[in-house]
Amino acid sequence: MRWWDIEPVLELEHELFPDDAWSAGMFWSELAHARGPHATRRYLVAEDPHTGRLVGYAGLAAAGDLGDVQTIAAARDQWGTGLGARLLTELLRAATAFECAEVLLEVRVDNTRAQRLYERFGFEPIGFRRGYYQPGNVDALVMRLTDPAQARTPEAQAVPETPETPENPETPEDLESSETHG
């Protein structure tokens, strides 16, 4: 993600997270820590290869040996395409590059689709943050992945394609917008 991506990211952010969308300043602040030899953030965007339209974004913060998934979002027309899994895979690669021993994230307790995605990667629930998502006062489920370098990524879980097995075995339940950010 670069500064010129902030405007289209904000459009998608407000569409997917109308009650608790991040501000432009929050994204600018995160990107300020994403470059240079002392970078502690990794933010990326996904674009439709045919139209160039931004269809997803994700971000990770690292501090010492701990990574924290800050946000993952996929446009509604991308739900069920595997985009969320690809974004998460890239964040876990970044966590490995940052030498993180574990990765944490928060996800809305009512977003079971995103929770299932995270569980497929090996994240496990470890607690709750009451009233984390405001103004709706929705609780967050805190999940942890130990050793992101050994995460069960889609590549590691790949099943050889057969006529009965679609190229992308994910279903629409896999990822809406994850409501990971807070």
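As the structure is a prediction and not an experimental result, all values here were calculated from the model.

Reading the values: the criteria
Residues numbered from 1 in each chain as written. Predicted model: local features only at pLDDT ≥ 70, side-chain atom pairs only at ≥ 80, totals over all residues. Heavy atoms only, no water. pLDDT = per-residue confidence, 0-100. Contact = heavy atoms within 4.5 Å. Helix = DSSP H or I, 4+ residues; strand = E, 2+ residues; numbered from the N terminus. Buried < 20%, exposed > 50% of the residue type's maximum accessible area, 1.4 Å probe, protein only. Polar contact = N/O pair within 3.5 Å; in protein donor to acceptor, adjacent residues only side chain to side chain. Axes fitted to C-alpha atoms, helices over the stretch in contact; angles between N-to-C directions. Parallel < 35°, antiparallel > 145°, perpendicular 65-115°, else oblique. Left-handed = near helix turned anticlockwise from the far one by under 90°. Phe/Tyr/Trp six-rings, centres within 6.5 Å; stacked < 30°, edge-to-face > 60°. Pairing = 2+ DSSP bridges.

**Q** Quick one: what's the story with the confidence of the model for the chain, residue by residue and with numbers?
**A** When the pLDDT values of the chain are averaged, the result is 86; 84% of them are 70 or greater. Below a pLDDT of 50 lies the segment residues 158-179, which in the model reaches 52 contacts outside its immediate sequence neighbourhood of four places, other chains included.

**Q** Help me get a handle on the side chain of Glu30, residues and values and all.
**A** Along the chain, Glu30 falls in helix α2 (residues 24-32). Note on Glu30: relative accessible area 11%, which makes it buried. Polar contacts involving the side chain of Glu30 include one to the side chain of Arg41, which spans 2.7 Å. Among residues more than four places away in sequence, those in contact with Glu30 are Trp22, Arg41, Tyr43 and Gln70.

**Q** So, the packing of helix α3 (residues 83-97) against helix α4 (residues 112-120): which residues are in play, and what are the values?
**A** Put simply, α3 and α4 touch, their axes get as near as 11 Å, and they point 50 degrees apart. Comparing the axis directions of α3 and α4 gives the class oblique. Seen along the crossing, α3 lies across α4 with a hand that is right-handed. Two secondary-structure elements touch here, α3 through Gly84, Ala85 and Leu88 and α4 through Leu117, Tyr118 and Arg120.

**Q** How would you summarise the packing of aromatic side chains if you had to cite specific residues and measurements?
**A** Summed over the entire model, instances satisfying the criterion amount to 5 aromatic pairs. Between Tyr132 and Tyr133, the aromatic rings sit 5.0 Å apart at their centres with planes inclined by 85 degrees, giving edge-to-face as the arrangement. With relative accessibility at 27%, the residue Tyr132 sits in the partly exposed group. A residue is classified by how much of its surface remains accessible, and Tyr133, at 1% relative accessible area, is buried. Every member of this aromatic cluster is reached through a ring pair, and the members are Trp22, Phe27 and Tyr57.

**Q** Can you tell me about the sheet that holds strand β5 (residues 124-133), naming the residues and giving the values?
**A** Think of a sheet as strands paired side by side through backbone hydrogen bonds, with each pair either parallel or antiparallel. The strand order across the open sheet built from 6 strands is β1-β2-β3-β4-β6-β5, with neighbouring strands paired in mixed fashion. Two strands lie at the open edges of the sheet, namely β1 (41-47) and β5, each paired on one side alone. On average, each strand axis in the sheet is inclined to that of its neighbour by 25 degrees, with strand direction left out of account. Across 8 bridges, the pairing between strand β2 (residues 54-63) and strand β3 (residues 66-74) is antiparallel. In the sheet register, Tyr57 faces β3, and the bridge partner there is Ala73.

**Q** Provide a residue-level description of the pairing of β2, including the pertinent values.
**A** Within a regular beta strand, the side chains point alternately toward one face of the sheet and then the other, so they alternate between its two faces. Within β2, 9 of the 10 residues are buried, leaving the element largely enclosed by the surrounding structure. Relative to β2, β1 runs antiparallel, the two sharing 7 bridges. Looking at β2, one finds that Arg41 is bridged to Ala61. Remark: 2 residues form the turn of the hairpin made by β2 and β3, two consecutive strands paired antiparallel; Gly64 in that turn has positive phi of roughly 65 degrees.

**Q** Describe unusual backbone geometry, with residues and values.
**A** Note the cis peptide between Gln134 and Pro135, where omega equals 10 degrees. Residue position: Pro135 is located in the loop between β5 and β6 (138-146). Positive phi outside glycine occurs at Glu99, with the angle close to 60 degrees.

**Q** Tell me what's going on with the pairing of β5, and back it up with residues and numbers.
**A** Both β5 and β6 contribute to a ladder of 6 bridges, which runs antiparallel. Its bridge partner lying in β6, Gly127 is registered against Val142. The hairpin formed by β5 and β6 contains 4 residues between the paired strands, and Asn137 there has a positive phi angle of roughly 60 degrees.

**Q** Describe the side chain of Gln70, listing the residues and the values that go with them.
**A** Tracing the sequence through the fold places Gln70 in strand β3. Reaching out from Gln70, the side chain makes a polar contact with the side chain of Asp68 at a distance of 2.5 Å.

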